[in-house]
Amino acid sequence: MPQTKTPLNNTKYAIRHTLPLFLFLFAVYLLTYTPRINSSDGLAMFSTAESLARRGALDIEQIRWMGLQQGTYGLNGLPYSRKGIGLPLALLPLTWLGLVIPWLGPVSVSLLFNAIVTALTAVILLVYLRRLGSSQRAGFIVALTYGLATLAWPYAKSLFSDPFSGFLLLAAAYALLKFRHILQAQSTNSPASLPPSILVYPLLAGLCLGWNVATRYAEILFLSVFGILLLYYLRFGRTPRLLLFRQPILWPGLIAFTTPILFIGLGLLVFNITRYGDPFNTGYLPQETFSAVLWQGVVGQLLSPGRGLLLYCPIFILSFWGFRPALRRFPAEALLALGVILIHLFLYGKWFMWHGGFAWGPRFMIPTLPFWTVFLAPVAARAFPGPNTKNRSGLIFRLAYLILAGLGLIPQLLAVSTDFTPFQNYLLDTGLSLFAPQTFFHPQYSPLLNAWTFITPHTLDLAWAWQGRFNGWLLALLLANVIITGWYLKSANRQMVNRKSQIANGQKRKPFTVHNSQFTIHNSSFLLPLSFSLLSLLSLLLYTHTLPSQPLSQAIAALNEAIRPTDAVITNDPEMAMPLAELYQGRAPVLGLNYGGFPLPSDATRRLDETMTAHQQIWWLPNWLPPAESAIEQTLLTRGFRARNDNFDGQRLVLFAFPQNLANQAISPNAVFANLIALNQVAYPPTSPPGAALPLELHWQALAPISENYHVFIHLLSDTGQIVAQADGQPVYWTRPTSTWSTGRTIVDRYGLWLPQGAPSGQYQLLIGLYRPAHNQRLLLSNEQDAVKFIVTVQ
C-alpha cells in the first residue's frame, strides 16, 4: 500500500491543512443556516436532548401532539422517540449550552450540529485519503466536492441523523486504518514491544460503530463488516507469516474493538426495558418494516427523477471510473467503501419508506456520501495531477470533473434555499396520495424540475432572509466570513504546493523556530479567519434568537420570570413548540397538546388529570381558540384556581393553581352581607411563598332572591395597607352572576392571587367582600364592616 509522506501526526499539519477546510465549509453552512427544525425526525431527537438537558428525562412530552408519528408510548404513558438515542446524546452538549446561555437558545445552537459534523466529516475524509496515498491536492478537491457538490450541504442544515451516521462510519474506518499503519510501522519490532496506546484506535472504531448503532439500529450490520476489516488488518497488517491466533496483538485488539460495542449494546437493552419493558422493543410500530419492493427502492435511490442520488450528486458518476484504480491501490478500503454503499442501498431499499419522507433526495444514502468520494480520489488525482504535469486524458477527466461538480451545485443550491415541505404539499394538492410511487419515478413530479417555483422572498429557508425579513448586515458578515475562510483555505493549499515543489527541486526546508518570523506569521494566520468565524457564528445565533414573534416572546419572558421547577407548562399549538424551546429557560416539564373543543379524547383527559394531580401550578399557553371554546382551558378552570391571565397582544399566558388538601384548611366565617348573601366557608393555605399563586375557594349562599349582580373583591394587604394582590369580578369567572343564584344553593367560587416574587416575608391581611359595581358601594356585614378579614403568612 502506498504510504503518505506527509507527517499526519504533526499538530502543525492539522492546523495548516484541516482547520482551513473546516472553517471554510462551516462558513458556507452558516451562510445557509436555517433557524427552524425542518423535519419531524429532527424535532423528536431534539426534544429528547432538550428533555435531558432541562430535567434529566428522556420523554418527548413537549411534542405529545405529534402522537405516533415519531413517538411511542412507554410503560408510564409518556411518549418516547423511536429514533435512536445516539444523536440526542451527541446533541446534548449543544442543547445544554443553548439552555445555560439564554441569549443563544437551545434550538439555534442545536441546529449547528450537522454543520459541525459535516465539516468534520470533510476533514476526516481529507486525512483518510492522505493515508490511502492520495496527494494533498486531490484530497482537498475531493473533500470540497463532498462538502459542496453533494447532498452533504443541504443535510448540514438539518437535524436528521444521517450525516452523523456517515461521520461515525468514516471515523471508524479512519481509526482502523491508523491502527493498521502503526502495526506496519512496528512490523520490524518484537510483538511485545508494541505500545499499549495503539489499542486506542480499535477502541475508537468500536465506540464509533456502537454509537452508530445507537443512532440507527439497522446499522448493526456494519459491526461485522468493520470487524472483518479489523481481522484483516490484524492478520496481514503486521507479520503475515505468523498464524492468526499466534499474534499477541490479536486478542487485545479485538477486546478493545468489541468492548465499547458491548457496553453500548447493553445500554440500549436497558434503555428499552426502562421505556417499554422489553429489551428488544425499540418503539418502532408493526407497520414500519422492511416491506418495500426491492427494485423500486434500489433504482429509486440511485436513478429515480424524484430521489436518484446520481441526479442530485452527478459527480458520483465518476466514482464508477475510480473504482478499479481504488481497488488496485487500496483493496481493503475500497471493498469497505463498496460494502457501506451496497448495504445501505439494499437495506434501505427494502425499507417501507425507502425514499426518506419529507426530504431532498435519497436521505438514507447520506451516510454513504463520504465513501462514494473515496472512489473519486483516483479520478481527482488524474484530473488535477499538479501544475507541471501535462496529460491529455487528465484534461478530459478535469473537464468532466468540473462539469459534473458544477452541475451538482445546482440541486444543492435549490435544497439549501427552501424547505421541501411546500413542494411535498403541492404534490398532495394534485390529488396523488402521500408518497405515491409516480411522484418518485415520473419526471413531471421531480423536485429538481419543479421546486424552483417555490423559492420566493418569503419562503427562503435562510436565517438572514427569514419570512421575508432580510438582514443585510448579517448577510454581509456571513459572506465576508466565506471570503476570508476561502482565502485562508487557498493560502494553506498554495503553501503546501510550494513546499512540495521545493522538496521536488531538492531545496531543503528551513526548520521552524520560535524566533523565525515565517513561523510566527504562518502559525498566526489562522487567527483572523477563526476570529471572524466566531464573530459570524455569534451574530447569527443572536439574530435567530430574536426571530420568534414579539407577543410570544413577551409571554415566554414573563413565564421565565415566574416559573418554578415544580410547575408544569401546557401548550396547545404545534407551531409554538420550537419558539418555546428556544426562549423558555425553565426546568419545569412541558406538555404539548393540540386539541380544540369538547369532547377531549380519553388519552388527553387522562394526561391532563395526571398533570393537574402532579403539579400545584400549571402555566397555560393557549392557541387562538377563545377560552370558552377550548376544552383544555375549561378543564383547567373546572379543577384549578386561575391566578394570572396575562395578554400580550393576543398571546395569553394563564396560571392555574392546583392546591392539595385545600378542604382541610377551610374556615367558616359565617359572614352575611346585607342580609342577602352568606359566606359560609373560605379555604386557603395559611402560608404561601412569594412568586406563587395563593388559591382561595369561597362558598357562597343566597339567603333570599337577589335582583342585582354584585361583584366580589379580594384584597391582600401589606402591613402598611398597600394592596399586594387582588381579584375582582362576578363570581365563578363571570359565569354565575348573583342575580341567577337560587336561594339556599351553595356557589363554589374559586380565585387565585399572584404573590409577587419581591413580596417580603411577614403577615398579610386578606379581605373578602361584595360591592355594587355601578356605585362602587360595598355591602356591609352585620357588624358594619365591609369585608371579612383573614391572615396570610408569606414566607
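Whatever comes next refers back to the structure up there.
Since we're looking at a predicted model, the values are computed, not measured.

Cut-off values and rules
- Residues numbered from 1 in each chain as written.
- Predicted model: local features only at pLDDT ≥ 70, side-chain atom pairs only at ≥ 80, totals over all residues.
- Heavy atoms only, no water.
- Helix = DSSP H or I, 4+ residues; strand = E, 2+ residues; numbered from the N terminus.
- Buried < 20%, exposed > 50% of the residue type's maximum accessible area, 1.4 Å probe, protein only.
- Contact = heavy atoms within 4.5 Å.
- Lys, Arg positive; Asp, Glu negative; His and termini not counted.
- Charge placed at Lys NZ, Arg CZ, Asp CG, Glu CD.
- Polar contact = N/O pair within 3.5 Å; in protein donor to acceptor, adjacent residues only side chain to side chain.
- Salt bridge = Lys/Arg side-chain N within 4 Å of Asp/Glu carboxyl O.
- Core = buried A, V, L, I, M, F, W, Y, C linked by side-chain atoms within 4.5 Å.
- Pairing = 2+ DSSP bridges.
- Axes fitted to C-alpha atoms, helices over the stretch in contact; angles between N-to-C directions.

**Student:** Explain the overall build of the chain to me, and be specific about the residues and the numbers.
**Tutor:** Along its length, the chain carries 29 helices and 18 strands. With the principal axes as the frame, the chain shows a C-alpha extent of 110 × 65 × 60 Å. For the chain, the proportion of its 795 residues judged to be buried stands at 56%. For the chain, the share of sequence-separated contacts (at least 6 apart) that also reach a separation of at least 24 residues comes to 73%. In the chain, which carries 53 positive and 31 negative side-chain charges, the distance between the mean positions of the two groups comes to 28 Å.

**Student:** Go over helix α17 (residues 376-383), please, and point to the residues and values.
**Tutor:** For α17, the tally of buried residues reaches 6 of 8 residues, placing the bulk of the element in the interior. Leu376, Ala377, Pro378, Val379, Ala380 and Ala383 are the residues of α17 that are buried.

**Student:** Residues and numbers for the side chain of Arg644, please.
**Tutor:** Looking at where Arg644 falls in the secondary structure, it is placed in strand β6 (residues 641-648). Among the residues examined, Arg644 registers a relative accessible area of 15% and is labelled buried. Reaching out from Arg644, the side chain makes a polar contact with the side chain of Asp646 at a distance of 2.6 Å. Those residues in contact with Arg644 that lie beyond four places of it in its chain are Ala558, Ala562, Trp619, Leu653, Val654, Leu655 and Trp754.

**Student:** How would you explain the pattern of salt bridges if you had to name every residue and give the values?
**Tutor:** Evaluation of the coordinates by the stated rule reveals 24 salt bridges. In this structure, the salt-bridge partner of Asp567 is Arg564, at a minimum N-O distance of 3.3 Å. The exposure class assigned to Asp567 is buried, which follows from its relative accessible area of 0%. In this structure, Glu708 and Arg772 form a salt bridge, with 3.2 Å as the shortest nitrogen-oxygen distance. With a gap of 64 residues between them, Glu708 in the loop between β12 (692-702) and β13 (711-717) and Arg772 in strand β16 (residues 762-772) connect regions that are remote in the sequence. Look at Glu708 and you get partly exposed, because its relative accessible area is 32%.

**Student:** An account of the nonpolar core is requested, with residue identities and associated values reported.
**Tutor:** Core analysis: the biggest nonpolar cluster contains 162 residues, and Leu21, Phe113, Tyr128, Leu151, Phe226, Phe316 and Tyr401 have the highest contact counts within it. It is helix α8 (residues 162-185) that contributes the most residues to this core, 15 residues altogether. The next biggest cluster of nonpolar side chains, apart from the first, holds 36 residues, and it includes Phe673, Ile677, Leu679 and Leu696.

**Student:** Tell me about the environment of Ala643, and please be specific about residues and values.
**Tutor:** Note on placement: Ala643 falls in strand β6. Given a relative accessible area of 13%, Ala643 falls into the buried group. Separated by 112 residues in sequence, Ala643 and Leu755 have C-alpha atoms that sit 9.2 Å apart. Sequence-distant contacts of Ala643, that is, excluding residues within four places in its chain, are made with Leu655, Ala693, Gly752, Leu753 and Trp754.

**Student:** Got a sec to walk through the sheet that holds β6? Specific residues and values, please.
**Tutor:** Spatial ordering of the open sheet is given by β4-β3-β5-β7-β6, a layout of 5 strands whose pairing is mixed. Single-partner strands in this sheet number two, and they are β4 (590-592) and β6. Neighbour-to-neighbour, the strand axes of this sheet turn through a mean angle of 20°, independent of strand direction. In this sheet, strand β7 (residues 651-657) lies alongside strand β5 (residues 617-621) in antiparallel orientation, the contact comprising 4 bridges. Across the sheet, the residue bridging to Ile618 is Phe656, located in β7. The sheet strands contacting helix α27 (residues 602-614) are β3 (568-571), β4 and β5, and the helix crosses β3 at an angle near 155°. The sheet strands contacting helix α28 (residues 631-639) are β3, β5, β6 and β7, and the helix crosses β7 at an angle near 30°.

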